[in-house]
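# Coordinates in review
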Amino acid sequence: MRRYVIAGNWKMNNTPDATRAFAEALAPKIAGKDGCDVVLCVPFVDIAAAVEATRGTRIRVGAQNVHYEPKGAYTGEISAEMLLAVGAEYVIIGHSERRTYFGETDATVNLRTKAALAAGLKVILCVGEVKEQRLSGITDEVVRMQIKLDLAGVTAEEMKNVIIAYEPVWAIGTGLTATPEQADETCGVIRRVLGELYGAEIAGATVIQYGGSMNEKNAADLLGKENVDGGLIGGASLKPDAFAVIVEAANA
Ligand code: PEP
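As the structure is a computational prediction, the values presented were derived from the model and not from experiment.

We now examine the packing of helix α5 (residues 106-119) against helix α7 (residues 139-150). Here α5 crosses α7 at 45°, and the two axes come no closer than 8 Å. As judged from the angle between their axes, α5 and α7 are oblique. Contacts from Asp106, Val109, Asn110 and Thr113 of α5 reach α7 at Gln146, Leu149 and Asp150. Across the contact of α5 with α7, the residue classes tally to two nonpolar, three polar and two charged.

Spatially, eight strands are ordered β1-β2-β3-β4-β5-β6-β7-β8 in a closed barrel, and the strand pairing comes out parallel. With direction set aside, neighbouring strand axes in the sheet form an average angle of 25°. Pairing analysis gives four bridges linking strand β1 (residues 4-9) to strand β8 (residues 230-233), with the strands arranged parallel. For alanine 7, the partnering residue across the bridge sits in β8 and is leucine 232.

Moving on, we come to the site of the ligand. In the vicinity of the ligand, 14 residues are found, and the nearest of them are Lys11, Glu167, Gly173, Ser213 and Gly234. For the ligand, an oxygen atom lies 2.8 Å from a polar atom in the backbone of serine 213. A distance of 2.9 Å separates an oxygen atom of the ligand from a polar backbone atom of glycine 235. Surface burial for the ligand is 96%, taken as the share of its 290 Å² of free accessible area covered by protein chains. By residue class, the composition of the shell around the ligand is four nonpolar, eight polar and two charged.

Scoring rules and cut-offs
Numbers given to residues run from 1 along each chain, matching the order in which its sequence is written. Local features in this predicted model are restricted to residues of pLDDT 70 or higher, and side-chain atom pairs are both shown and tallied only at a pLDDT of 80 or more, whereas totals for entire chains, interfaces and linings draw on every residue. Working from all heavy atoms in the structure, the side-chain values ignore hydrogens and water. Axis definition: a line fitted to C-alpha atoms, over the contacting stretch in the case of helices. Angles run 0 to 180 degrees between N-to-C directions. The way it works is that DSSP assigns letters per residue, a run of H or I at least four long becomes a helix, a run of E at least two long becomes a strand, and they are numbered from the N terminus. An angle below 35 degrees is read as roughly parallel, one above 145 as roughly antiparallel, one from 65 to 115 as roughly perpendicular, and any other as oblique. Contacts were defined at the residue level, with two residues in contact if any of their heavy atoms lie within 4.5 Å. For this classification, the nonpolar set comprises Ala, Val, Leu, Ile, Met, Phe, Trp, Tyr, Cys and Pro, the charged set comprises Asp, Glu, Lys and Arg, and every other residue, Gly included, is treated as polar. Two strands are counted as paired when DSSP detects at least two bridges linking them. Only a single heavy atom is needed: when it lies within 4 Å of a molecule or strand, its residue is near that molecule or strand. Pairs of N or O atoms within 3.5 Å make up the polar contacts considered here, provided that, within protein, one atom can donate a hydrogen while the other can accept it, and that residues adjacent in sequence are counted only when both atoms are side-chain atoms. Each accessible area value is a Shrake-Rupley result obtained with a 1.4 Å probe; residue values ignore everything except the protein chains displayed when judging cover.

See the structure below:
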């Protein structure tokens, strides 16, 4: 009943020209592989090029952040309405790099999430523990707390447009990957919290991705787990061949 979603997070990589070249390379490699949704979350300045270059393909386009106010004196920020106007359908919120380097907190993640959903964007909400928290055995508590705080005030109806990305921070960009069992277990914890908040039906229908050094070699094992419904992929999403193999794994 859940459909896999494979999303690339390009971070601060690629110009509009490189975006067009990437889309042209990727589209034929994943043509006909309709068993999952494919999203590219690109830098703001690449969104228009990505939308144009993927028109008529099954690739959807997303951003990597959004501001929570609709407009105003917020130098350097981008609103949900602006993202929709250039054709973005998705937005990543609460990525650990934003939390670590740019002062993002659960409170601002919550504001962004509510604003994005109210405007009509689909949200990929990132949660996950740092290494010390996993080693201390408090991973479950950390993700439970993040989910509750980040989704506070999000309605059951709005949950149709929410994807959760479980991203252990120690696995992002490090080449370290959670084992399929660890990924499944913590995605399962997240599903249980969603059940407590929204009931079994919504918990069962919500897509929960794993992210953290997922690549063309480990994707099939991770995606084979019951509670892992897709991937949020950084480094490997910059290579059309590798990304296409991951999409293929989600179709198997
Ligand atoms: C990410 O940026 O969300 C991510 C998981 O990166 P990587 O795949 O490079 O670890």
